[in-house]
There are 4 protein chains.
Amino acid sequence: MSEPLRVLVWNENVHERNGEPAGMAEYYPDGIHGAVADALRRHLPDAEVSTATQEQPEHGLGGDVLDRTDVLLWWGHIAHEGVDDAVVERVQQHVLGGMGLLVLHSGHFSKIFRRLLGTTCSLAWRNDGEQELVWTVKPSHPIAEGVPSPLVIPRQEMYGELFDIPDPDDLVFISSFAGGEVFRSGVTFTRGRGRIFYFSPGDQEYPVYLQAEVQQVLANGVRWAAQPGLARSVPEVSNPPRTWLT
Amino acid sequence: MSEPLRVLVWNENVHERNGEPAGMAEYYPDGIHGAVADALRRHLPDAEVSTATQEQPEHGLGGDVLDRTDVLLWWGHIAHEGVDDAVVERVQQHVLGGMGLLVLHSGHFSKIFRRLLGTTCSLAWRNDGEQELVWTVKPSHPIAEGVPSPLVIPRQEMYGELFDIPDPDDLVFISSFAGGEVFRSGVTFTRGRGRIFYFSPGDQEYPVYLQAEVQQVLANGVRWAAQPGLARSVPEVSNPPRTWLT
Amino acid sequence: MSEPLRVLVWNENVHERNGEPAGMAEYYPDGIHGAVADALRRHLPDAEVSTATQEQPEHGLGGDVLDRTDVLLWWGHIAHEGVDDAVVERVQQHVLGGMGLLVLHSGHFSKIFRRLLGTTCSLAWRNDGEQELVWTVKPSHPIAEGVPSPLVIPRQEMYGELFDIPDPDDLVFISSFAGGEVFRSGVTFTRGRGRIFYFSPGDQEYPVYLQAEVQQVLANGVRWAAQPGLARSVPEVSNPPRTWLT
Amino acid sequence: MSEPLRVLVWNENVHERNGEPAGMAEYYPDGIHGAVADALRRHLPDAEVSTATQEQPEHGLGGDVLDRTDVLLWWGHIAHEGVDDAVVERVQQHVLGGMGLLVLHSGHFSKIFRRLLGTTCSLAWRNDGEQELVWTVKPSHPIAEGVPSPLVIPRQEMYGELFDIPDPDDLVFISSFAGGEVFRSGVTFTRGRGRIFYFSPGDQEYPVYLQAEVQQVLANGVRWAAQPGLARSVPEVSNPPRTWLT
């Protein structure tokens, strides 16, 4: 594994381009993708981290780009429907073939997440700037390494159950909110040969991605999801002859 | 729960209409759907069992039909692509809302199964009339009740790993084949409020559904997947006020 | 299954005999076991519900008693160490052989629970009369049927993560507390042929078992864990000859 | 992680000392522990690999030894009952505190494995020198990396279902045998903070541990189970004050 890890941070980049919420330009001057990429560069000095946004041709997610991506991070919120189905299909194929995928916060409603999971991915939400406490419930998981429990987020949008997802492979974090709701905020899945991590903290209104502990979770997630030595190949049907037992 | 259980057996009915394989008309004179429905009527005397086929209007799966269905069984093989996307969408919504779904054998490649699971659902196969042994690995599961281990199927198409599915909620059966392959042949999933059971034995060339033990598995699967008392409702996004803690 | 379900509610019965906490005699005049048994009789009119307590010979858990028990409920708190190891061994064998087991509240530290799970079963706790909200996260599970989400418990001891248990088969409920902690409050396991359900609400200081919704959960748990038609047999080693393939 | 990984291969060493089976001294001249340690040294050049055997004081598993062990491998067969309970208790505490554990082949009946899992760990077996095929069913798992599917073991003891274990966290490998049986041959668990991997191939009568692919699995397992940066601490009960929400 002497090759550098190749990480791509994708953002719809619509809040940023619209300049709303107004405060966003202060805490995320380079956009959410810029902040996340910057954090990953610091936490994963052996990685090559780049960014892509929805307004680019093919949303910045051409086949050659994905071929060179070990782990893709996905942030979207108000422009999910504007993502081209052909690009979604392409990303899905790469995940099934072994590319890692981290889906962040409101990305729960992205086409790619819903397509990979098969459920509505709906949830309860309330934007009231509540304290969120992120509790580790599987301390042996690589994504929990070095993360305090609870991880305290002073102000955040509430995401609450019922979170309509399939049973995850691993439940790493459960959050509570000041209003009393709970949420499975850190969950892993595998689909095909690919590893998927969903992490709910992070929003356009609160500078959550500037917290070192949140950055640690994302960096851990990238390391966990990456399979740099794997030749990407989607599982295929085969019709083998009898050869094993005679 | 004094209401009878309402079960619908769906078949693409293409092998039957084409008259091939030729022997099929002998062991399945009323089609695969007819044989399965007949078996369920005997094993579940408290159920109302009906059938539907692909050539019917809306494939026999109109909204009013699904509203009256507690558990849907799905058999398809060579006509998956002919299933209308709008019907697939409708069935998915009913599953997410709480309808039980049993997917049988080559239904692994049906649109509805792939859409609910998010993977390719590909596998290895070989049609060589091999003996299949179905071993119970979770004896406490309701679907395993009264099923011998192994359940011996004298001649059957081989389905082998890698079966590209998400980790199931429960792995109930693992099969081996005379050629040495293995297959996760009985697996459960939940998606939304719905319970899903996939069972691989059963084919157009071998009269597998006439075996009493296989019928027992299907009847167990129907009982397990049914939620007759549940008001069907797909999980939805909500935006609740703070009310629990003050 | 015309036979009545046979349910046994076990309690260490030490708080009751000691008369502390003082208020307990008011809300639980027949002890916790009496209250739980009474609730189950009303919710499961087809069941035969009896009770046993620790001060009885063999703790009321002789082999003949367990032979006649489909589901055992276990409540203990301050006398875990006083439970005889031979009785624990016997109960474990019955669970592995197919008897259902519901472990309640402070029973998380019982010998039988720790022995079946292999972990410390430790947790965080605080007795401050806090509101507990029990959220359903797997609505398709039989134990969640008819249970509101959240189920509100006005005053309760706090149990918080890290709850040191193995990954459960199914995570049905997650609780939050007014102090901000979360807890996996409703979890299922299988061990051998037996089904196990742990449910954390319920304490000697708060009349939680008098709440109809809590009673509904317990009744659902009993129905789910029961396998009345199963001949009890612990999985055993076997040394079969080659007979399947020739 | 500049510190070398510290791996300890433990063997009851009874077959070796008794000189039976006779051929064992040829393929395992340094014992099973010697062969496994040698293989790990080659596959994990960054690791410090040592061995310990049952006849040593404290079975070679003193507290100071375990303190310096990141991953322990366990091979035992005919002397399980001779392992001191105090040592078993000590190993369990280290696993719960974060030490990795690989249990090999007949170690399924070891005291430590049964204590950590809570079940009988019984299975079917037949010593008939049958071909075993080890199929990967979770290709995204780190333990499957670089392992062919199937991994072919020409002659091996048969281990078959029902394998009485709890549902594993991850099912990585399923084996079939020439006689038709199947076995969950590669399974992971977590208990406390520790990661556990059970791998069934390997026996005193067949030189299975000399196969490069089997060695690859063990090396992958060691890497996966290791948490070298973790301060070892068994989860404990705590009684925190209200501090998070006020």
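Residues numbered from 1 in each chain as written. Chains lettered and ligands numbered in written order. Predicted model: local features only at pLDDT ≥ 70, side-chain atom pairs only at ≥ 80, totals over all residues. Heavy atoms only, no water.

Chemist: What should I look at first to understand the packing of helix H3 (residues 31-43) of chain B against helix H7 (residues 212-225) of chain B in this one?
Modeler: In a packed pair of helices, the relevant descriptors are the angle between the two axes and the axis-to-axis distance. All names here are of chain B. Two numbers describe how H3 lies on H7: the axes approach to 9 Å, and their chain directions differ by 75°. Relative to H7, H3 is oriented roughly perpendicular. Of the residues in H7, those in contact with Val36, Ala39, Leu40, Arg42 and His43 of H3 are Ala212, Gln215, Gln216, Leu218, Ala219 and Val222. Here the residues of the contact of H3 with H7 sort into seven nonpolar, three polar and one charged. (Axes fitted to C-alpha atoms, helices over the stretch in contact; angles between N-to-C directions. Helix = DSSP H or I, 4+ residues; strand = E, 2+ residues; numbered from the N terminus. Parallel < 35°, antiparallel > 145°, perpendicular 65-115°, else oblique. Contact = heavy atoms within 4.5 Å. Nonpolar A, V, L, I, M, F, W, Y, C, P; charged D, E, K, R; others polar.)

Chemist: Can you walk me through the confidence of the model for chain A in this structure?
Modeler: Residue-level pLDDT values for chain A average 96, and 99% of them are 70 or greater. Confidence estimates for the predicted assembly give a pTM of 0.98 and an ipTM of 0.96. (pLDDT = per-residue confidence, 0-100.)

Chemist: What is the right way to read the packing of aromatic side chains from this model?
Modeler: Aromatic ring pairs are reported here in terms of the distance separating the ring centres and the angle at which the planes meet. Counted by the stated rule, this structure contains 44 aromatic pairs over all chains. Both rings, one in Trp244 of chain A and one in Trp135 of chain D, keep their centres 6.0 Å apart while their planes meet at 85°; by these two values the pair is edge-to-face. Taken together, the residues span two chains, with Trp244 of chain A in the segment after helix H7 (212-225) and Trp135 of chain D in strand S5 (residues 124-136). Of the residues examined, Trp244 of chain A reaches a relative accessible area of 29% and is grouped as partly exposed. A relative accessible area of 4% places Trp135 of chain D in the buried class. Taken together through their ring pairs, the aromatic side chains of Phe113, Tyr159, Phe163, Phe183, Phe189 and Tyr198 of chain A make up a single cluster. (Phe/Tyr/Trp six-rings, centres within 6.5 Å; stacked < 30°, edge-to-face > 60°. Buried < 20%, exposed > 50% of the residue type's maximum accessible area, 1.4 Å probe, protein only.)

Chemist: I tried to follow the environment of Pro148 of chain A on my own but got confused; where do I start?
Modeler: Residues and elements named next belong to chain A. By the element assignment, Pro148 lies in the loop between strand S5 (124-136) and strand S6 (151-160). Separated by 14 residues in the primary sequence, Pro148 and Val134 have C-alpha atoms spaced 8.7 Å apart. The residues contacting Pro148, other than those within four sequence positions of it, are Val134, Thr136 and Glu213.

Chemist: So what exactly am I meant to see when it comes to the pairing of strand S6 (residues 151-160) of chain C here?
Modeler: Along any regular strand, the residues point their side chains to alternate faces of the sheet. Residues and elements named next belong to chain C. Judged by how many residues are buried, S6 sits mostly within the fold: seven of ten residues are covered. By the bridge criterion, seven bridges tie strand S5 (residues 124-136) to S6 in an arrangement that is antiparallel. Among the inter-strand pairings, Ala124 is bridged to a residue of S6, identified as Gly160. (Pairing = 2+ DSSP bridges.)

Chemist: When you look at the interface of chain B and chain C in this model, what are you seeing that I'm missing?
Modeler: Put simply, an interface is often sized by how much accessible area is lost when its parts join up. With 21 residues of chain B in contact, the opposing surface of chain C contributes 22 residues. Both sides together, the interface formed by chain B and chain C hides about 1,700 Å², and carbon and sulfur atoms give 57% of it. Where chain B meets chain C, there are two salt bridges. A salt bridge links Asp169 of chain B to Lys138 of chain C, with the shortest nitrogen-to-oxygen separation between them at 2.7 Å. Taken together, the connections running from chain B to chain C amount to five residue pairs in polar contact (both at pLDDT 80 or more). (Buried area = accessible area lost by both parts, 1.4 Å probe. Salt bridge = Lys/Arg side-chain N within 4 Å of Asp/Glu carboxyl O. Polar contact = N/O pair within 3.5 Å; in protein donor to acceptor, adjacent residues only side chain to side chain.)

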